[in-house]
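# Notes for the structure review
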Amino acid sequence: MLEVHVLASGSDGNCTVIESDGEAIMIDAGISCKKILKQMEQEGVDKEMVKAILVTHEHSDHVSGAGATARKLGVPVMCNEATFSALNLGSVDYVPIDPSGSFDIGQFHVTPLPTVHNAVQPCAYYTQVDGKKVLLATDTGKLTFQIEAALKEADIAVIEANYDARMLAEGPYPPQLKQLIGSDHGHMCNVDTAKAIRRTMTDSGRQIFLAHLSRTNNEPDIARETVSEITGIRRLNIDCLEFLGDSRTLRA
Ligand SMILES: [Zn+2]
Ligand SMILES: [Zn+2]
């Protein structure tokens, strides 16, 4: 059984654990080590299973707990070299990854996919394990061809729905930040994410989890409603985290 544990998602911090058959990998660690351990316990994840922490990009909401968690769990941090150079994690065991190739961690076959974001060399991760496929793609202003292809194949897709366009436009952020978020190097809005989900629909029973919702420029109900309206997927079948400290386990 494949389990995807979304331990935190959003600008307050991101952390996801993919687990299969007694092994696990962590993607991003953007909340404190203490919170990560608490959330793992809440979702029934044994910390001994974690083999590595993969980092998508250097923004603090993805890495603030990475150094401490890597040391606590005794596991390496993995990311491309450009990203690692932009990090300051203290003393960690670092394993570089080739941004253009796949690699294996235990039974997990992982492929980094480029995202478009205001970071040095950001990526999403596509993980194949036990015949199942998981896409985790956040922090991208648009979906690259490779991510869209992975979205179509995935059994579980954790995909960004960062903001509602009207809430962003009318919200409190300064104009420059609004412009960056809305640009091709920022984040995906609910409508663009919904359209991508619609374009890649098959009858494979793919599970969609909306990720990295902005606490200021989005609301769970609005994101789910928008995606449901555009894709025709029933609202009950579209999930996301509801509040700070919330977590979720998806199974395939
Ligand atoms: Zn982020
Ligand atoms: Zn970011």
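In this report, the structure presented in the accompanying data block is examined. Keep in mind that what you see is a predicted model, and the values were worked out from it rather than measured. (Residues numbered from 1 in each chain as written. Chains lettered and ligands numbered in written order. Predicted model: local features only at pLDDT ≥ 70, side-chain atom pairs only at ≥ 80, totals over all residues.)

What follows covers the sheet that holds strand S2 (residues 15-20). Spatial strand order, S6-S5-S4-S3-S2-S1-S14: 7 strands in an open sheet with mixed pairing. With partners counted over all chains shown, the strands left at the sheet margins are strand S6 (94-96) and strand S14 (248-251), one partner each. Pairwise comparison of adjacent strand axes, ignoring direction, gives a mean angle of 25 degrees for this sheet. Looking at chain direction, S2 and strand S3 (residues 23-29) are connected through 6 bridges and run antiparallel. Of the residues in S3, the one forming a bridge with Thr 16 is Ile 27. Contacting strand S1 (2-8), S2 and S3, helix H1 (residues 33-42) crosses the sheet at an angle of about 140 degrees to S1. (Pairing = 2+ DSSP bridges. Helix = DSSP H or I, 4+ residues; strand = E, 2+ residues; numbered from the N terminus. Axes fitted to C-alpha atoms, helices over the stretch in contact; angles between N-to-C directions. Contact = placed C-beta atoms within 7 Å.)

By secondary structure assignment, the location of Lys 178 is in helix H7 (residues 175-182). Judged by the 18 C-beta atoms lying within 10 Å of it, Lys 178 falls in the partly exposed class. In contact with Lys 178, other than residues within four places in its own chain, are Leu 168 and Tyr 173. (Buried ≥ 20, exposed ≤ 12 C-beta atoms within 10 Å, placed from the backbone.)

So, on to the sheet that holds strand S11 (residues 156-160). Taken together, the 7 strands give an open sheet; going across it, the order is S7-S8-S9-S10-S11-S12-S13, and neighbouring strands pair in mixed fashion. Pairing within the sheet leaves two strands with one partner each, and these edge strands are strand S7 (103-105) and strand S13 (238-240). Sheet twist, expressed as the mean angle between neighbouring strand axes with direction ignored, is 25 degrees. Of the strand pairs in this sheet, S11 and strand S12 (residues 207-211) are connected by 5 bridges, and their pairing is parallel. Opposite Ile 159, over in S12, you have Leu 210 as the bridge partner.

Everything listed here is a matter of coordinates, which is why it stays silent on function.
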